[in-house]
Each structure stands twice: as C-alpha cells, then as structure tokens.
Amino acid sequence: MESEGKKSAVSNVGAWGMNVVSSVGIIMANKQLMSSSGYAFGFATTLTGFHFAVTALVGLVSNATGLSVSKHVPMWELFWFSIVANMSITGMNFSLMLNSVGFYQISKLSMIPVVCIMEWILHNKHYSKEVKLSVFVVVIGVGVCTVTDVKVNAKGFICACLAVISTSLQQITIGSLQKKYSIGSFELLSKTAPIQAMSLLVLGPFVDYYLNGNLITTYKMSSGALLFIILSCSLAVFCNMSQYLCIGRFSATSFQVLGHMKTVCVLTLGWLLFDSELTMKNIMGMVIAVGGMVVYSWAVEAEKSAKAISYTKNSLTEEEIRLLKEGVESNPIKDVELADSK
C-alpha cells in the first residue's frame with residue numbers, strides 16, 4: 001500500500017510537472033511567434049485549431065498502434081464538450097481583445113470561485129474553511145502580481161463572463177466524463193480533439209479576421225515562423241494531454257489554484273528572457289500566491305486524511321454490527337434447561 005501511494009504521488013508530480021513545463025513553454029513560444037517584435041503571427045484561434053489537429057493526429061496514431069484503447073463515449077456528449085471548449089477559447093480571445101489587461105487578469109482569477117460554486121451546484125461538493133482561506137490567499141497573491149489598470153465595457157464584460165463560465169464548465173466536464181465512462185485522459189482527448197480541430201480550423205480564420213482585421217492567407221510565412229508554429233503545436237500536445245491528466249487526477253479547483261504557479265513562472269521567465277519589468281509588487285504577489293498554494297495543498301491533504309479516518313471508523317462499526325448479526329443467525333441461543341424438561 002505504501003509503495004502504491006509513493007508511485008501515485010510520483011505520477012501526480014510528473015503530470016503536474018509536465019503541465020507546468022509545457023504550458024509555460026507554449027506561452028513563451030507563442031509570445032515570440034505572435035508578438036510584433038517576433039514573427040507577428042496574429043491568428044490565435046487558427047493556431048489553436050492547428051494545436052488540436054496535431055493532437056488529434058497523435059491520438060489517431062496512438063490508437064492505430066495499440067498504445068491507447070478507444071472507449072465508447074456518446075457523440076452528443078463529445079459534441080457538447082467541444083462546443084463548451086471552443087466557446088472558452090473564443091471567449092478568452094475576445095475578452096483579451098475588448099478588455100484591458102487588468103480586467104482580463106481579474107476575469108481569469110474569478111475562475112477559481114466560479115469553479116468552486118459550479119462543483120457545489122453540479123456535484124454537491126463542499127470545501128473546508130482552510131481550503132476556502134487558501135483559495136482566497138492565492139487569488140489575492142496572483143491579483144497583486146498581475147492586475148494593473150482595470151477598465152470595463154459592456155461587450156468586454158459579456159465576453160469575459162462567457163469565457164469564465166465556459167472554461168470553468170469545460171474543466172469540470174473533463175473530470176466528470178473520465179469518471180463517468182472510466183476513460184483515460186489521453187483517450188478522452190483523442191476523441192474530442194478532432195471535433196475541436198475541425199470547428200476551429202473552419203471558424204478560426206473568421207474569428208481572427210474580426211480580432212485583427214487580417215486574413216491568414218495574407219500572412220507571409222517565414223522559416224522562423226514555421227519553426228515556432230511546429231514548436232507551439234508540439235508543446236500543445238503535451239499541454240492538452242497533461243491538462244486532461246491533471247484534472248482527472250485532482251479536480252478542477254486544484255487545477256485552477258495550482259495552475260497559477262504557471263503565472264509565477266511566466267512572470268519570472270518574461271523578466272529573464274524578454275526583459276519584462278519585475279517590480280517589488282510582482283515579487284510580493286508571487287510570495288503570497290506561492291504561500292497560498294502551499295497552504296491549499298496542505299488543506300486538501302488534511303481534508304482527505306480526515307475523510308479517510310471518518311470512513312474507516314464508520315466502516316469498522318458497520319463491520320462489527322455485521323459480524324454480530326451473522327454470529328447470532330448462525331449460532332441461535334438455546335435454552336438447555338427448557339429442552340431437558342421436555
């Protein structure tokens with residue numbers, strides 16, 4: 001049991017490590033690819049379509065070679081999930097375009113309480129005071145790190161709400177589908193990726209044209225831009241896979257809370273690689289956020305231990321009652337003196 005627990009802990013750390021490394025890596029690659037100082041490839045939605053197309057291809061090869069086993073999931077559920085996931089991607093792009101960076105960051109921070117509320121409504125999940133407090137500390141810390149100017153407009157607010165709700169629902173649905181159909185993270189991803197790829201590659205160019213006023217057909221492709229597109233797509237496979245893997249192992253709330261470690265890494269690497277400004281305010285926010293994540297991890301483990309102890313006690317009591325009942329039924333009490341008198 002102890003060795004199994006250690007293996008599980010190692011695999012959890014591995015999944016989380018892969019998610020952090022691939023997510024931070026893809027942000028750095030996309031920054032170079034899409035920034036005006038880089039290759040100015042301003043077609044984020046279409047690029048996401050490329051990501052899912054490559055992921056779908058990897059899933060197809062994996063199924064064909066027997067590395068993964070395809071399990072049945074109703075098409076209507078896959079289609080529904082793909083709609084929610086694409087709404088998340090499109091909503092985030094529109095939110096970033098229509099809102100200030102400060103309000104965009106606030107909307108991303110609001111995903112944590114939104115996920116908590118949705119899990120409470122959909123799955124009747126409850127949280128301890130320690131978990132709630134640690135979530136609050138993480139939100140404050142990341143907010144201090146990232147939030148600058150905050151400007152709100154009606155269209156931007158609607159897009160931000162759509163992005164937050166759809167992203168939160170998407171992350172909760174990943175976990176529930178894996179549990180409902182006993183399907184692995186990569187198997188589920190390989191089923192949803194083709195649907196998302198086709199829809200994003202069809203609609204993506206129109207969305208991007210609305211966002212930046214340029215058609216992808218007018219972009220002058222260079223060898224450097226092509227190299228970074230391939231790098232971005234390769235990292236996206238690991239990023240998508242690890243996201244499904246992490247949510248399947250943990251929960252949507254844990255994924256959101258611990259996911260802000262990526263924000264800290266991005267700020268640090270931006271300072272190291274792209275000469276981004278790193279102020280004392282950023283550093284203070286990072287320290288608060290990391291402290292909140294540590295407290296959150298401790299609170300979740302403490303909650304699990306308390307539930308396990310409570311379950312064990314209840315199980316032992318029920319077991320004792322069962323054994324007593326079986327003992328009475330199999331060995332009925334006889335009145336020896338009464339029998340002899342007969």
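Just so we're clear, the structure is a prediction, and the values are computed from it rather than from any experiment.

In this structure, Ile-158 sits in helix α7 (residues 154–181). Note: C-alpha distance between Ile-158 and Phe-94 (64 residues apart in sequence) is 9.8 Å.

Attention now goes to the nonpolar core. Ranked by internal contacts, the top residues of the largest apolar core, which has 15 residues, are Leu-78, Phe-81, Ile-174, Leu-188, Met-241 and Tyr-244. Contributions of two or more residues to this core are made by α3 (75–98), α7, α8 (185–212) and α9 (223–249). When sequence neighbours within four positions are dropped, the list of residues in contact with Phe-81 reads Gln-170, Thr-173, Ile-174, Leu-177, Thr-192, Gln-196 and Tyr-244.

Before going further, it helps to spend a moment on the confidence of the model for the chain. Low pLDDT marks regions whose predicted coordinates should not be analysed in detail. On average, residues of the chain score 75 in pLDDT, and 65% of them reach the 70 mark or higher. Per-residue pLDDT, averaged within each element of the chain, yields its smallest value for helix α12 (residues 336–341) (42) and its largest for helix α2 (residues 44–64) (90). Residue range residues 333–342 is modelled with pLDDT below 50. Its contacts to residues more than four positions away, or to other chains, number 0 contacts.

Glancing now at the packing of helix α5 (residues 111–123) against α7. Running from amino to carboxyl end, α5 crosses α7 at an angle of 50°, the nearest separation of the two axes being 9 Å. As the angle between them shows, α5 and α7 are arranged oblique. Like other packed secondary-structure pairs, α5 and α7 cross with a definite hand, here right-handed. Contact residues: α5 offers Met-111, Val-114, Val-115, Met-118, Glu-119, Leu-122 and His-123, while α7 offers Val-164, Ile-165, Thr-167, Ser-168, Leu-169, Ile-172 and Ser-176.

With that out of the way, let us pick up a nonpolar patch on the surface. Residues Phe-79, Ile-83, Met-87 and Leu-162 make up a contiguous nonpolar surface patch of roughly 340 Å² in combined accessible area. Tracing the chain through its elements places Ile-83 in helix α3.

A separate point is the pattern of salt bridges. Pairs may arise between side chains of opposite charge once their charged atoms sit close together. Under the defined criterion, the tally for this structure stands at 1 salt bridge. The shortest N-O distance in the salt bridge between Lys-180 and Glu-77 comes to 3.0 Å. Placement of the pair is Lys-180 in helix α7 and Glu-77 in helix α3, with a sequence separation of 103 residues. Judged by its relative accessible area of 54%, Lys-180 is exposed.

A separate point is the environment of Val-69. The residue Val-69 is located in the loop between α2 and α3 in this model. Once the C-alpha coordinates of Val-69 and Glu-187 are considered, the two residues, 118 residues apart in sequence, prove to be 6.9 Å apart. Excluding residues that lie within four positions of it along the chain, Val-69 makes contacts with Asn-63 and Glu-187.

Another aspect to go through is α2. With 21 residues, α2 extends 30 Å from end C-alpha to end C-alpha; this agrees with the ideal 30 Å at 1.5 Å per step. By the burial criterion, the buried members of α2 are Thr-45, Thr-46, Leu-47, Thr-48, Gly-49, His-51, Phe-52, Thr-55, Ala-56, Gly-59 and Ser-62. Gly-66 sits one or two residues past α2 and shows a positive phi near 80°.

The next thing to look at is the side chain of Ser-82. Among the secondary structure elements, Ser-82 is positioned in helix α3. Classification of Ser-82 as buried rests on a relative accessible area of 2%. A distance of 2.8 Å separates a polar side-chain atom of Ser-82 from the backbone oxygen of Leu-78. Discounting residues that sit within four places of it in the chain, Ser-82 has contacts with Thr-192, Ile-195 and Gln-196.

Okay, unusual backbone geometry next. Across the chain, the bulk of peptide bonds are trans and the bulk of non-glycine residues have phi less than zero. Not every positive phi belongs to a glycine, and Ala-40 is a case in point at roughly 50°. Mapped onto the elements, Ala-40 comes out in the loop between α1 (2–34) and α2. We classify Ala-40 as partly exposed; its relative accessible area is 42%.

Time to look at the packing of α2 against α8. Following both chains from N to C, one finds α2 and α8 inclined at 160°, their axes separated by 7 Å at the closest point. What the angle tells us is that α2 and α8 run roughly antiparallel. Here α2 and α8 pass one another in a crossing that is left-handed. Residue composition of the contact of α2 with α8, grouped by class: 16 nonpolar, 11 polar and 1 charged.

Another point: the packing of aromatic side chains. Within this structure, the stated rule accounts for 5 aromatic pairs. Centroid distance Phe-41 to Tyr-219: 5.1 Å. Interplanar angle 85°. Geometry classified as edge-to-face. Of this pair, Phe-41 sits in the loop between α1 and α2 while Tyr-219 sits in the loop between α8 and α9, and the two are 178 residues apart along the sequence. Considering the side-chain rings of Phe-43 and Tyr-219, the 6.1 Å spacing of their centres and the 80° angle between planes classify their relative orientation as edge-to-face.

Definitions and limits used
Residues numbered from 1 in each chain as written. Predicted model: local features only at pLDDT ≥ 70, side-chain atom pairs only at ≥ 80, totals over all residues. Heavy atoms only, no water. Helix = DSSP H or I, 4+ residues; strand = E, 2+ residues; numbered from the N terminus. Core = buried A, V, L, I, M, F, W, Y, C linked by side-chain atoms within 4.5 Å. Buried < 20%, exposed > 50% of the residue type's maximum accessible area, 1.4 Å probe, protein only. Contact = heavy atoms within 4.5 Å. pLDDT = per-residue confidence, 0-100. Axes fitted to C-alpha atoms, helices over the stretch in contact; angles between N-to-C directions. Parallel < 35°, antiparallel > 145°, perpendicular 65-115°, else oblique. Left-handed = near helix turned anticlockwise from the far one by under 90°. Patch = residues over 30% accessible without salt bridge, like charges linked within 9 Å, V, L, I, M, F, W, Y side chains within 5 Å. Areas by Shrake-Rupley, 256 points an atom, 1.4 Å probe, with all protein chains shown as cover. Salt bridge = Lys/Arg side-chain N within 4 Å of Asp/Glu carboxyl O. Expected span 1.5 Å × (residues − 1). Polar contact = N/O pair within 3.5 Å; in protein donor to acceptor, adjacent residues only side chain to side chain. Nonpolar A, V, L, I, M, F, W, Y, C, P; charged D, E, K, R; others polar. Phe/Tyr/Trp six-rings, centres within 6.5 Å; stacked < 30°, edge-to-face > 60°.

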